[in-house]
Amino acid sequence: MRKMKVALPEGLATEVRARVAEWMLTGKVEQLWARDASLWTNGNEGSWLGWLDIVGQQGAEVEPLLEFAREIQEEEFTDVVVLGMGGSSLCPEVLSQSFGPQEGRPRLRILDSTDPGQVLTLERGLDLESTLFIVSSKSGTTLEPNVFLNYFLEQVRQHPGVDAPGQHFVAITDPGSALQGFAEREGFRRIFLGVPEIGGRFSALSNFGMVPAAVMGLDLGRLLARAEAMSLACAETGEGQDNPGLLLGALIGESQRQGRDKLTLICSPGIRDLGAWLEQLVAESTGKDGKAVIPVDREEFGRPEAYGEDRLFVYLRLDDGSDPAQDRAVGQLVENGQAVVQISLADRYDLAAEFFRWEFATAVVGSIMGVEPFNQPDVEASKLVSKALAEEYERYGSLPGVDPVLRDEEGALLLFADDRNREALGLQADGASLVDCLRAHFQRLEPGDYFALLAYLEMNEDNERELQTIRHAVRNHFSVASCLGFGPRFLHSTGQAYKGGPNTGVFLQVTGDDAEDLAIPGRNSTFGVVKAAQAGGDLVVLEERGRRAIRVHLQGNPAVGLPRLKRLVMEALE
């Protein structure tokens, strides 16, 4: 569980050792456990450290959770769907994707996208009569879980085989939230309460993660035992190298200080989805005040020249499911002098230990960087703009009109940019083509920058394959780190670092027409309108922050438009 191999350039290794020694000599580990806000910005950080004690508290809830899981099994529910966003959905997604369906237990699914195609794809695979929905929202006011709830509650109400719709719903929320009140009025099967002192991205080992884990049939005692062992290890104050959370935090924090701020995550195939959870934890916690650790997830291995000196590679290796090709590639990174950390997991149950290790490490990183790791101010900025756009639709029946600045030759791709970005792309010149603009946009990348592809499209294998090809083509051409995020889910994750971190990103937002749209009960707007408002709010805030950002919209069928965009990108890189 606690094995960690480290290969660092000597200068970085020296700084990491010094940082660990400093924490030990000055008692900072004890300060962290004592919730001393002076470790960070001396604000209200001490009010957000409930996750330090949650493992012990959750242990007392194991039997009630297992009893609830047996109830769901006995009533022959075939599917359980978590309706959430960010911290409320990413841990359940990691568990669902890593462990897979458990024999005799319902299948755990996740919905964290307002893309109507994604909602429809999920719905068409469900028998609502045998489906349980877990509405997961800490505040109870988050837009996405609320519209998911509105939609599926109405679908269940209309189903002829369902007599008591509320019995198909469970809520996980903080005490006194609007969601708790709604669940009580609607007769939800169960309400599980969160801990107010735990923020969403630190909630994996609380009810937000453990209720779905129980329902899908995992061994909660085994999960929590692994987490407890890691918790005890992170309280060690003897030799700093024996404290796995401190060591990892020092590695990431000192790497960021030396310019290695692209945390490149490599996960064994069996735990591939862990990277998405780590992305949110690290990006939302560190990406503010013009500083950030930029997580890079699901990036394929490249040639040595594809990597600059701004990388820290962390390889999360599953011992009972490792990939020899990954082992060789990581070994090559070490031989090439890159900074590489390898963490070994004995089996999938060690994921619980990693949840705690990384939460502790992230708190350490925030202290080293001098940022408040428990807030997310720029996520809130995007939410406010998106909310204003959605409210405009509710009042007037349309979103504010924005004219494209350019169309491709076939008229199927539309380019949008604000005045500052238009000028940078040379759009004042007559005869500029979309390929010319893409080329000019990519050429804004400089050493130490990163390229981020922000796709407001259905998250499926076909779209991911095309988008991955684009990101890697840009990475290979310019030797910069590359990121791919599906909207709106990344807004609650890397979106914070993109807006609140350093101005080192070059962004290409991709939106598209929806083949089908879905009305949201109780609202004038549709899922497609909500998604468009979220994309609009995202781009507006990126522009307000002075980011190098443009949008390409795919008219018609995205299955046609996205391959066309890929071809134009390849042409722009020639």
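The structure under discussion appears in the preceding block.
The rules behind these values
- Position numbers for residues start from 1 in each chain and track the written sequence from start to end.
- At least 70 in pLDDT is required for a residue's local features to be given in this predicted model, at least 80 for side-chain atom pairs to be given and counted, and no such filter applies to totals for whole chains, interfaces and linings, which use all residues.
- Remark: hydrogens and water are excluded; side-chain values derive from all non-hydrogen atoms of the structure.
- Strands are runs of DSSP state E lasting at least 2 residues, helices are runs of H or I lasting at least 4, and numbering of each runs from the N terminus.
- To estimate the expected span of a helix, subtract one from its residue number and multiply by 1.5 Å.
- Summary of the burial criterion: residues with accessible area below 20% of their type's maximum are buried, those above 50% are exposed, and those between are partly exposed, where the area comes from a 1.4 Å probe applied to protein chains only.
- We call two residues in contact whenever any of their non-hydrogen atoms come within 4.5 Å of each other.
- Polar contacts here mean pairs of N or O atoms no more than 3.5 Å apart (in protein, one a potential hydrogen donor and the other a potential acceptor; neighbouring residues in sequence count only if both atoms are side-chain atoms).
- Axes here mean lines fitted to C-alpha atoms, for a helix over just the part in contact, with angles spanning 0 to 180 degrees between N-to-C directions.
- Left-handed is the label given to a crossing in which the near helix is rotated counterclockwise from the far helix by less than a right angle, and right-handed is the label when the rotation is clockwise.
- All amino acids are sorted into three groups, where Ala, Val, Leu, Ile, Met, Phe, Trp, Tyr, Cys and Pro are nonpolar, Asp, Glu, Lys and Arg are charged, and the leftover types, Gly among them, are polar.
- Note: two strands are recorded as paired if DSSP finds a minimum of 2 bridges between them.
- Paired rings are identified among Phe, Tyr and Trp, the last through its six-membered ring, by centres lying within 6.5 Å, and are further divided according to the angle between planes into stacked (under 30 degrees), edge-to-face (over 60) and tilted (the rest).
- Each ring is checked for a lysine NZ or an arginine CZ that lies within 6 Å of its centre and within 35 degrees of its normal; such an atom marks a charge sitting over the ring.

**Observations concerning helix H21 (residues 558-572)**
For step 1, the next point in the chain: With 15 residues, H21 extends 20 Å between its outermost C-alpha atoms, agreeing within 8% with the 21 Å of an ideal straight helix rising 1.5 Å per residue.
For step 2, the next point in the chain: What H21 keeps buried is the set Pro-558, Gly-561, Leu-562, Pro-563, Arg-564, Leu-565, Leu-568, Val-569 and Ala-572.
For step 3, the next point in the chain: Looking at the packing, one finds that the buried side of H21 touches strand S12 (413-416), helix H17 (434-442), helix H18 (461-478), strand S15 (505-512) and strand S16 (548-554).
For step 4, the next point in the chain: Where H21 begins, the capping side chain belongs to Asn-557, and its oxygen is found 2.9 Å from the backbone nitrogen of Ala-559.

**With respect to the packing of H17 against H21**
For step 1, the next point in the chain: The N-to-C vectors of H17 and H21 enclose an angle of 60 degrees; their axes lie 8 Å apart at closest approach. As H17 runs across H21, the sense of the crossing is right-handed. Of the residues in H21, those touching H17 at Leu-434, Val-435, Leu-438, Arg-439 and Phe-442 are Leu-565, Leu-568, Val-569, Glu-571 and Ala-572.
For step 2, the next point in the chain: Its residues placed into classes, the contact of H17 with H21 shows 8 nonpolar, no polar and 2 charged.

**Notes on the sheet that holds strand S1 (residues 4-7)**
What holds strands together in a sheet is hydrogen bonding between their backbones, with the strands either parallel or antiparallel.
For step 1, the next point in the chain: Strand order in the open sheet made by the 5 strands is S1-S10-S9-S7-S8, with mixed pairing throughout. The open sheet is flanked by S1 and strand S8 (294-296), the only strands paired with a single partner. The average angle at which neighbouring strand axes cross in this sheet is 20 degrees, direction not considered.
For step 2, the next point in the chain: Two strands pair when backbone bridges link them, and S1 and strand S10 (residues 339-345) are joined in this way by 4 bridges, in the antiparallel orientation. The residue of S10 that forms the bridge with Val-6 is Val-341.
For step 3, the next point in the chain: Against the sheet, helix H13 (residues 324-335) engages S1, strand S7 (262-267), strand S9 (311-318) and S10, with an angle of about 150 degrees to S9.
For step 4, the next point in the chain: This element, helix H14 (residues 351-369), spans S1, S7, S9 and S10 of the sheet and lies at about 140 degrees to S10.

**Brief notes about the packing of aromatic side chains**
For step 1, the next point in the chain: Scanning all chains against the criterion turns up 24 aromatic pairs.
For step 2, the next point in the chain: Aromatic pair Tyr-151 and Phe-152: ring centres 5.1 Å apart, planes at 85 degrees, arrangement edge-to-face. The pair formed by Tyr-151 and Phe-152 is uniform in burial state, with each residue classed as buried.
For step 3, the next point in the chain: Between Tyr-307 and Phe-313, the aromatic rings sit 5.1 Å apart at their centres with planes inclined by 85 degrees, giving edge-to-face as the arrangement. In this structure, Tyr-307 and Phe-313 share a single accessibility class: buried.
For step 4, the next point in the chain: An aromatic cluster is present here, built from Phe-133, Phe-148, Tyr-151, Phe-152, Phe-169, Phe-182, Phe-188 and Phe-527 joined pairwise through their rings.
For step 5, the next point in the chain: Between Arg-551 and the ring centre of Phe-416, over which it is positioned, the NZ or CZ distance is 3.9 Å.

**Regarding the sheet that holds S12**
For step 1, the next point in the chain: The strand order across the open sheet built from 6 strands is S11-S12-S16-S15-S13-S14, with neighbouring strands paired in mixed fashion. Looking at strand neighbours, the two that pair on one side only are strand S11 (406-407) and strand S14 (481-486), the edges of this open sheet.
For step 2, the next point in the chain: Where S12 and S16 come together, 4 bridges link them in antiparallel fashion. Considered in S16, the bridge of Leu-414 is made with His-553.
For step 3, the next point in the chain: Helix-sheet contacts for H18 involve strand S13 (450-456) and S14, and the interaxial angle to S14 is about 160 degrees.

Purely geometric numbers; function is a separate question.
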